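These are the residues of each chain, in order.
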Amino acid sequence: MKDKLSGLRDVGVSYPVMQAGMPGIAGPELAAAVSLAGGIGTLGITDVSQWGMALALTRRLCQGRPFNANLLLPFTRARHIELVIAQQVPMVTLFWGRDAALIQRLKRAGIFTFQQVGSMDEARFALDAGIDALIVQGREAGGHVRGTSLLKSILPAIVDQAGGVPVFAAGGMYTEQDALAARHMGASGVSTGTRFVATNESRAHDAYKRGLVEANDTVVTTLFGLNWDAPHRVLPNEATRRWCDEQGRAPAWLRGLHKLTGLGRRVTPMKAELTHWQRPALPLFTGAALEVGMPARMQACTALYAGAEVGRIRSVMPAAEVVRELAAAFDQRRKADRAA
């Protein structure tokens, strides 16, 4: 464990606890709160016109602590990458795509680079490309789901394949016990989105946060796929009940429309401004989440991303407390005290 995490310690990370980079929800305030607590705070990708300012604000709020930037590859433009390098962002996470040249470019710029993967094949590609660390996503994760296997089914094999490369576990990482279970499967750290949505510092609307605290189930669908036709796990709402079948499938004609609109997604990313016309009765739903400042009625027709184990989240809490709880699973001194 010590050797695997030396690269992250060199960057300045105290605890191997990552907050996932959720567009619209993981703003500079949340990323900074996590980084100031010693974890890996991640800025969610924004429209390229806002990206430079968001990176600069995150750096200022972090007060010298390292932070991470999420490059969601289907929405990443050349300027996103240029700004990450120009502003010397310490860490970057790549997700939903394969780009060996980009991995090498980021590494040459001195950026510690993660790749989130959902399969052994993806993991091998990233390892062969020289990735600094992997994030393994199980199918129980919330948000856009790359993983097709349960975390416990895929994590140990990828850890073995990774050798000395650190591997973070993603999917249901909400408590110290979850993180301990991941550690026992060989994980060097954990990453979570859902648990950090339900924090004081996230940009999620209060109605969304309440929904997480009160929810017991989720649905995997492609309903919120305008611009990006990829499966995602969300809380059920009026839109999913109206348009999805019992398995969460959206109508076939709608899936076809999503594929067409996906051609322009780098020009029109998941922005809250694009949701003002969304209604439960009109099945044209973007992937934008329910952010603070949006009307509460949008809870019925926006993507409320959540992991399958959401029923175990029963409070909104400060992000620093989430970091402390998950970090306890990797705190060697606390383990020694307990053993004594």
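This text goes with the structure placed above it.
So, how was this worked out
- Residues numbered from 1 in each chain as written.
- Predicted model: local features only at pLDDT ≥ 70, side-chain atom pairs only at ≥ 80, totals over all residues.
- Heavy atoms only, no water.
- Helix = DSSP H or I, 4+ residues; strand = E, 2+ residues; numbered from the N terminus.
- Rg over C-alpha atoms; globule rule 2.2 N^0.38 Å.
- Buried < 20%, exposed > 50% of the residue type's maximum accessible area, 1.4 Å probe, protein only.
- Contact = heavy atoms within 4.5 Å.
- Areas by Shrake-Rupley, 256 points an atom, 1.4 Å probe, with all protein chains shown as cover.
- Lys, Arg positive; Asp, Glu negative; His and termini not counted.
- Charge placed at Lys NZ, Arg CZ, Asp CG, Glu CD.
- Salt bridge = Lys/Arg side-chain N within 4 Å of Asp/Glu carboxyl O.
- Axes fitted to C-alpha atoms, helices over the stretch in contact; angles between N-to-C directions.
- Parallel < 35°, antiparallel > 145°, perpendicular 65-115°, else oblique.
- Left-handed = near helix turned anticlockwise from the far one by under 90°.
- Nonpolar A, V, L, I, M, F, W, Y, C, P; charged D, E, K, R; others polar.
- Core = buried A, V, L, I, M, F, W, Y, C linked by side-chain atoms within 4.5 Å.
- Pairing = 2+ DSSP bridges.

Draft legend 1. Fine view of the overall build of the protein. On a plain count of helices and strands, the protein comes out with 14 helices and 11 strands. For 340 residues, the compact-globule formula gives about 20 Å, and the C-alpha radius of gyration of the protein, at 19 Å, lands near that figure. Each of the 340 residues in the protein was classed as buried or not, and the buried ones make up 59%. When contacts within the protein are restricted to residue pairs at least 6 apart in sequence, those whose partners lie at least 24 apart make up 62%. Surface exposure of the protein reaches about 13,600 Å², of which carbon and sulfur atoms provide 51%. Positive and negative side-chain charges in the protein, numbering 39 and 29 respectively, have mean positions lying 3 Å apart.

Draft legend 2. Structural detail: the pattern of salt bridges. A full pass over the atoms with the stated rule returns 10 salt bridges. Here Arg 312 and Glu 309 are joined by a salt bridge, their closest N and O atoms 3.3 Å apart. On the basis of relative accessibility, which here comes to 37%, the residue Glu 309 falls in the partly exposed class. The structure contains a network of salt bridges with shared partners spanning Asp 178, Glu 309 and Arg 312.

Draft legend 3. Broad picture of the packing of helix α4 (residues 78-86) against helix α5 (residues 100-108). Axis separation between α4 and α5 bottoms out at 10 Å; the angle between their running directions is 20°. If you check the angle between α4 and α5, you find them roughly parallel. Handedness of the α4/α5 crossing: right-handed. Only Leu 102, Arg 105 and Leu 106 of α5 make contact with α4, whose side of the interface consists of Ile 81, Glu 82, Val 84 and Ile 85. Taken together, the residues of the contact of α4 with α5 break down into 5 nonpolar, no polar and 2 charged.

Draft legend 4. View of the nonpolar core. In terms of nonpolar packing, the biggest core is built from 98 residues, with Trp 51, Leu 55, Val 84, Leu 134, Phe 196 and Tyr 208 touching the most fellow members. Per-element tally for this core: the top contributor is helix α7 (residues 151-162), with 6 residues. In this structure, Val 84 is in contact with Trp 51, Leu 55, Ala 69, Leu 71, Val 89, Val 92, Leu 106 and Ile 111, ignoring residues within four places of it in sequence. The next biggest cluster of nonpolar side chains, apart from the first, holds 12 residues, and it includes Met 18, Phe 114, Ala 133 and Ala 170.

Draft legend 5. Representation of the sheet that holds strand β7 (residues 143-144). Strand order in the open sheet formed by 3 strands is β7-β11-β10, with antiparallel pairing between adjacent strands. This sheet does not close on itself; its edge strands, each paired only once, are β7 and β10 (219-221). Relative to strand β11 (residues 232-234), β7 runs antiparallel, the two being bridged by 2 bridges. In the strand pairing of β11, Gly 143 is matched with Arg 233.

Draft legend 6. Structural detail: the sheet that holds strand β4 (residues 91-95). Read across the sheet, 8 strands follow the order β1-β9-β8-β6-β5-β4-β3-β2 without closing on themselves; strand pairing throughout is parallel. With one partner strand each, in any of the chains shown, β1 (17-19) and β2 (42-43) form the two edges of the open sheet. Here β4 pairs with strand β5 (residues 112-117) via 5 bridges, running parallel. Within β5, the residue paired with Phe 95 across the bridge is Gln 116.

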